[in-house]
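Observations on the three-dimensional arrangement
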Amino acid sequence: MIDEMNELLNQEYIDEADDDENEDSLENSSENSEEEIDSEKTISENDESDEETDEESEGLPFAKAEVVRLMKQNLDSDKMIRERVKVEMNRFLGEVLERVCDQLNEYPYTTIEYEMLKESIYPYQNISRINQEKERILMHLAAIKADCDALSMDVRSTLKLKDVNEEDEDFRDFSGV
């Protein structure tokens, strides 16, 4: 499945690159001679093959160019992305895809339905709401703990039978501890 997605993304990237090259070559045809255009194509083809070799050698699940394009769409225009960030984001997305697929494999059905996918990706789409719920529960537990501590102090201070040292052996025997 990952290989199929890689092939689709790579094909889109290659198609976009071909379109860009065609537009560039049409604009530059009046300015450059045919020899210059041929040398530019050779250089760009070498660059593409180097990128493909880098992607294959790194074992990335998705086309790096597509991941970088999506990151740049969602980041501020003044942000620059380091190479390691590009690679690690690609790997992270691959891991998320694997986890979702593992969860989808738990279903006994041979056909994956949209509802199954929605259930599998729920934690990733609702992480902010889940974190808010976690904070609310932690605050509630802290309040309960504070109430328990206050009650414990009240019991210790007001319900003594005698003013006796609690560490005294006689007191322990009498209290059943």
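Residues numbered from 1 in each chain as written. Predicted model: local features only at pLDDT ≥ 70, side-chain atom pairs only at ≥ 80, totals over all residues. Heavy atoms only, no water.

Concerning the pattern of salt bridges
Applying the stated criterion to the full structure yields 5 salt bridges. Taking the shortest distance from any N to any O, the salt bridge between E66 and R69 comes out at 2.4 Å. You can see E66 and its partner R69 sitting in helix α3 (residues 64–74), 3 residues apart, about one turn around the helix. Among the residues examined, E66 registers a relative accessible area of 7% and is labelled buried. For R69, a relative accessible area of 32% translates into the label partly exposed. (Salt bridge = Lys/Arg side-chain N within 4 Å of Asp/Glu carboxyl O. Helix = DSSP H or I, 4+ residues; strand = E, 2+ residues; numbered from the N terminus. Buried < 20%, exposed > 50% of the residue type's maximum accessible area, 1.4 Å probe, protein only.)

Observations concerning the packing of helix α5 (residues 114–125) against helix α6 (residues 127–158)
Packing of α5 against α6 leaves a shortest axis separation of 6 Å and a crossing angle of 65°. Seen from α5, the contacting residues are Y122, P123, Y124 and Q125; seen from α6, they are I127, R129 and I130. Tallied by class, residues from the contact of α5 with α6 come to 5 nonpolar, 1 polar and 1 charged. (Axes fitted to C-alpha atoms, helices over the stretch in contact; angles between N-to-C directions. Contact = heavy atoms within 4.5 Å. Nonpolar A, V, L, I, M, F, W, Y, C, P; charged D, E, K, R; others polar.)

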